[in-house]
Amino acid sequence: MVDSATQSGTVSGFFFGIILKFVFALLAVVKFVRSFYFQSTYRVEALTLSPHKTPQIIRNDVTKLSKVPRHIAVILDRKQKHVEGGGVEGLLSDVGEVAAWCIGAGASELTVYERTGVLKSLPLQDVYNAIEDRLRMYFGNSSSATFKIFNRQNDGTKSLGPSAAGSADPKLLINLISESNGRKLIVDVTRVLSDMVAQNVTSPKDITLDVIDRQLKERIGSEPDLLIMFSSEIDLQGYPPWHIRVTEIYCSPANNGNVSYLVFMKALHAFATAKFKLGR
Amino acid sequence: MDLAKWVLKFPAALYGVQFLNDIAIHVLKTGPIPNHIAIVMDGNRRYAQSRNIETVKGHTAGFETFLRTAQVCSTLGVKTVTVYAFSIENFNRGQEETDKLFNMVRTSLAEVSDGDDSLAKRLGWKIKILGNRDMIPDDLKKDIEKIERLTAENTGTVINICCPYTSRDDMAQAVRKAAENGQADPEGISESAFKSCLYTADAEPLDILIRTSGTTRLSDFMLWECVDGSQVEFASPMWPEYTVLDLYLVILRWGLKQLSSKDKVGRISLDKLPSPPAAVSVNVTDFKFK
């Protein structure tokens, strides 16, 4: 900062620089106090919340709402290994928790975005088992909380569903996506379409918005109705751009990376009160 | 609030506010300044409704806010300001309303860029219209092309006006263009080749996206641009009520984040690093005891 002041070569520039530093310092202090205040009120609020590891209580919380999103997306971070709830195990338990809340709330699709793709690199069976274990804590052993999981790759999706043949449709579909399903996927689809143009299978003017939409949906599913971030500021981290057209985005300045039920419920509240009026 | 308005009627008070504003700009300029700010100017109609005035007046107030904001941005040295003026979805509002909106775009553009004393001339604005030109009526298209031509040589802030625009429409036309251009070597189509087909190809990476009126959706605006490395700000005031101070605070918060992230090790691709010294291995047979 002092550099730019000396560049302008004036004493006043130097003082303006000092004022800015002062303002920045003030802002940092305000930010700290605010987050401290938010987090303490949040703790209190979380205490007043009843223990939620039963589906009845989640259902009870959502019946007060006028509507719930059909498709929920969450952005999760892998925390460092030595932190509580960190590492791949922590991430897997977060996925399981969110899946349980989604089933409890009556959403039928969940997309989990984790930038680095560590979830997608695990054997799908392991991820499936981890989620199943977590769901048992909520719904018991003879579980009706069935789900199907999709490992979304740009060149083909692997999926794993309930093992019992002839069972009813799963209650929840879970998509695992990462940064490579973001901007890169749109470029990949462009390559595919370009190849089709080169082989005269299609012509450029037939590449319409709908065609592209179908191609992208086929690979990573539909656009979520609600996107929840657990960070204190909105950071989309390279989330698939095509898929956040009118998605309701929720982020709480009070939270600091905790995958908490309170944030999830607040996001559902925000969704229920939002107005939708596309272009009108 | 009314008292403040009354006080501001005095020339001395106005002068004082102007003076403080000048200082604020000088102060901000010594720190990091974003290159590219995009704004969804939402809430003009709700502003009009809440004050029981005509919708048109709400839009006029919104236009004034836009002028004020754009002026401040160009004095600060922001290189590009992109605003959402007209969405393709707005065609749903019916012929009458779309005609009105198009007329507003026309008169607003004329106001900004006509004559030697215009804002565009004084501040050196380069005005560009981004969006699907096939959907614009012919007479307006001519006006637009004229204004782009007139301001093309300017070297100040680039003002991108999105009309009629949606981000998916933009990405779709970019896919079409990139697929056509790259058919000789489809596998060779890169992300940067795709990016150069977007309407925002010439603009800097998006630093800040602001949406007013408390709505927490992107509504098909700058989707590709904002997903990585941009600060997305959902502000609660209606657009005509969005003040310069709100903007300063957003820029300060962004600046603070730049400062604190400067020390952290970023994700950098290998080919951007300086090349390491030559890698050698000790060949055992060459090794002689003396």
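Please read these numbers as outputs of a predicted model, since none were measured by experiment.

Turning our attention to the overall build of chain A. If you tally the helices and strands in chain A, you get 9 helices and 7 strands. Oriented by its inertia axes, the alpha-carbon framework of chain A measures out at about 80 × 60 × 45 Å. Scored against the burial criterion, the 280 residues of chain A give a buried share of 46%. Sequence separation of 24 or more characterises 72% of the internal contacts of chain A that already satisfy a separation of 6 or more. On chain A, roughly 13800 Å² of surface is accessible, and the fraction owed to carbon and sulfur atoms is 56%. Looking at charge distribution, chain A has the averaged site of its 32 positive side-chain charges lying 4 Å from that of its 27 negative ones.

It is worth spelling out the environment of Met-135 of chain B at this point. All names here are of chain B. Note on placement: Met-135 falls in the loop between strand E3 (126-130) and helix H7 (138-151). According to the relative accessible area criterion, Met-135 is partly exposed, its value standing at 32%. The spacing of Met-135 and Ile-88 is 47 residues in sequence and 8.5 Å in space, taken between C-alpha atoms. Ignoring sequence-local partners within four residues, the contact set of Met-135 consists of Ile-88, Phe-91, Phe-102 and Pro-164.

Of note, the bond from Cys-163 of chain B into Pro-164 of chain B is cis; its omega dihedral lies within 30 degrees of zero at -20 degrees. Along the polypeptide, Pro-164 of chain B turns up in the loop between strand E4 (158-162) and helix H8 (167-181). Phi is positive for Gln-237 of chain A, which is not a glycine, with a value near 55 degrees. By the secondary structure assignment, Gln-237 of chain A is in the loop between strand E6 (226-229) and strand E7 (248-251). Located in the positive-phi region is Asp-220 of chain B, a residue other than glycine, with phi close to 65 degrees. Relative to the helices and strands, Asp-220 of chain B resides in the loop between strand E5 (208-211) and helix H10 (223-226).

Take a nonpolar patch on the surface next. Together, Val-11, Phe-14, Phe-15 and Ile-18 of chain A make up an exposed nonpolar region whose accessible area comes to about 400 Å². For Ile-18 of chain A, the position within the fold is in helix H2 (residues 11-48).

A word on the pairing of E4 of chain B. All names here are of chain B. Summarising burial for E4: 5 of the 5 residues are buried, a large majority. Where E3 lies against E4, 5 bridges are found, and the strand directions are parallel. Pairing of Lys-128 across the sheet is with Asn-160, part of E4. The parallel pair E3 and E4, bridged by H7, forms a crossover whose chirality is left-handed.

Put simply, an interface is often sized by how much accessible area is lost when its parts join up. Residue and element names in this part refer to chain A. Along its sequence, chain A is carved into domain 1 (10-48) and domain 2 (51-273). On a C-alpha basis, the centroid separation for the pair domain 1 and domain 2 is 34 Å. The interface is formed by 7 residues belonging to domain 1 together with 9 residues belonging to domain 2. Between domain 1 and domain 2 the total buried area reaches about 680 Å² when both faces are included, carbon and sulfur atoms providing 59% of it. It is Phe-38, Gln-39 and Tyr-42 in domain 1 that bury the most area against domain 2; as a group they hold 69% of the surface buried on that side. Connecting domain 1 to domain 2 are 0 residue pairs in polar contact (both at pLDDT 80 or more). Class assignment of the residues belonging to the side of domain 1 that touches domain 2 gives a composition of 3 nonpolar, 1 polar and 3 charged.

So, on to the side chain of His-71 of chain A. Residue and element names in this part refer to chain A. When you line up the elements, His-71 lands in strand E1 (residues 71-75). Only 2.7 Å separates the side chain of His-71 from the side chain of Thr-111, close enough to count as a polar contact. Apart from the residues within four sequence positions on either side, His-71 is in contact with Glu-109, Leu-110, Thr-111, Asn-175, Ser-222, Glu-223, Pro-224, Asp-225 and Leu-226.

For the rest of this paragraph, the subject is the packing of helix H7 (residues 183-198) of chain A against H8 of chain B. Interaxial distance between H7 of chain A and H8 of chain B falls to 9 Å at its minimum, and their mutual angle equals 45 degrees. In this view, H7 of chain A runs oblique relative to H8 of chain B, as classed from their interaxial angle. Between H7 of chain A and H8 of chain B lies a crossing whose hand is right-handed. Two secondary-structure elements touch here, H7 of chain A through Ile-186, Thr-190, Leu-193 and Ser-194 of chain A and H8 of chain B through Met-171, Val-175, Ala-178 and Ala-179 of chain B. Grouping the amino acids of the contact of H7 of chain A with H8 of chain B by side-chain chemistry returns 6 nonpolar, 2 polar and no charged.

What follows is about the sheet that holds E7 of chain A. All names here are of chain A. With mixed pairing, the 7 strands of this open sheet are ordered in space as E4-E3-E5-E2-E1-E6-E7. Among the strands making up the open sheet, the edge pair consists of strand E4 (158-160) and E7. In this sheet, neighbouring strand axes are inclined to one another by 20 degrees on average, regardless of whether the strands run parallel or antiparallel. As defined by bridge partners, E1 adjoins E6 across 4 bridges and the pair is classed as parallel. Within the sheet, the bridge partner assigned to Ile-75 lies in E6 and is Met-229. Packed on one face of the sheet, helix H6 (residues 124-139) meets strand E3 (147-151), E4 and strand E5 (172-177) and runs near 145 degrees to E3. Across the face of the sheet, helix H9 (residues 261-273) comes into contact with E1, E6 and E7 while running at roughly 145 degrees to E6.

Let us now look at the interface of chain B and chain A. Facing 51 residues of chain B, the contacting portion of chain A comprises 55 residues. At the boundary of chain B with chain A, total buried surface from both sides reaches about 4900 Å², with 63% on carbon and sulfur atoms. On the chain B side of the interface with chain A, the three residues burying the most area are Arg-168, Arg-217 and Val-227 of chain B, jointly 16% of the side's total. Connecting chain B to chain A are 7 salt bridges.

In this section: the packing of aromatic side chains. Taken as a whole and assessed by the stated rule, the structure comprises 17 aromatic pairs over all chains. Arranged with centres 5.9 Å apart and planes meeting at 70 degrees, the rings of Phe-14 of chain A and Phe-15 of chain A form a pair that is edge-to-face. Measuring from centroid to centroid gives 6.1 Å for Phe-63 of chain B and Phe-66 of chain B, while their planes differ by 35 degrees, and the two rings are tilted. A residue pair is termed a helical-turn pair when its members lie 3 or 4 positions apart in one helix, as Phe-63 of chain B and Phe-66 of chain B do in helix H4 (residues 55-76) at 3 residues. There is no split in this pair, since Phe-63 of chain B and Phe-66 of chain B are both buried. An aromatic cluster is present here, built from Tyr-84, Tyr-165, Tyr-199 and Phe-221 of chain B joined pairwise through their rings. The ring of Phe-150 of chain A carries the charged tip of Arg-152 of chain A above its face, separated from the ring centre by 4.8 Å.

Definitions and limits used
- Within every chain, residues take consecutive numbers counted from 1 along the sequence as written.
- Starting at A for chains and at 1 for ligands, labels are handed out in the order in which the entities are written.
- With pLDDT at 70 or above as the cut-off, local features in this predicted model cover only qualifying residues; side-chain atom pairs require 80 or more to be listed or tallied, and sums for whole chains, interfaces and linings still use all residues.
- The side-chain values count all of the structure's non-hydrogen atoms but skip hydrogen atoms and water molecules.
- The secondary structure listing takes helices from DSSP runs of H or I that are at least 4 residues long and strands from runs of E that are at least 2 residues long, numbered from the N terminus.
- Throughout, exposure labels follow a simple rule: accessible area from a 1.4 Å probe, protein chains only, divided by the maximum for the residue type, with under 20% read as buried, over 50% as exposed, and the rest as partly exposed.
- The contact definition used throughout considers only heavy atoms, calling two residues in contact when any of these lie within 4.5 Å.
- In short, Shrake-Rupley with a 1.4 Å probe defines the accessible areas, and a residue's cover is counted only from the protein chains shown.
- Counting rule applied: Lys, Arg positive; Asp, Glu negative; His and chain ends not counted.
- Charge positions are represented by NZ for Lys, CZ for Arg, CG for Asp and CD for Glu.
- Each patch is built from residues that are more than 30% exposed by relative accessible area and take part in no salt bridge. Like charges join if they lie within 9 Å; nonpolar side chains (Val, Leu, Ile, Met, Phe, Trp, Tyr) join within 5 Å.
- Any carboxyl oxygen of Asp or Glu that lies within 4 Å of a side-chain nitrogen of Lys or Arg is treated as forming a salt bridge with it.
- One requirement defines pairing of two strands: DSSP has to find at least two bridges between them.
- Note on handedness: a crossover is taken as right-handed if, strands pointing away from the viewer, the path from the first strand over the helix to the second is clockwise.
- What counts as a domain boundary in this text is fixed by an automatic or database domain assignment.
- Two parts placed together each lose some accessible area under a 1.4 Å probe, and the buried area is that loss summed for both.
- Think of a polar contact as two N or O atoms within 3.5 Å of one another; within protein, one of them needs to be a possible hydrogen donor and the other a possible acceptor, and neighboring residues in sequence only count if both atoms come from side chains.
- For this scheme, ten residues count as nonpolar: Ala, Val, Leu, Ile, Met, Phe, Trp, Tyr, Cys and Pro. Four count as charged, namely Asp, Glu, Lys and Arg, and the remainder, Gly too, count as polar.
- Every axis corresponds to a line fitted to the C-alpha atoms, with the helix fit spanning only the stretch in contact, and the corresponding angles, defined between N-to-C directions, vary from 0 to 180 degrees.
- We call two directions roughly parallel when the angle between them is under 35 degrees, roughly antiparallel when it is over 145, roughly perpendicular when it lies between 65 and 115, and oblique otherwise.
- For a crossing to be left-handed, the near helix must be turned anticlockwise from the far one by less than a right angle; the clockwise case is right-handed.
- Note on ring pairs: Phe, Tyr and Trp rings are taken, using the six-membered ring of Trp, and paired if centres are within 6.5 Å. Classes follow the plane angle, with under 30 degrees stacked, over 60 edge-to-face and the rest tilted.
- Charge-over-ring placement is defined geometrically: NZ (Lys) or CZ (Arg) within 6 Å of the ring centre, and within 35 degrees of the ring normal.

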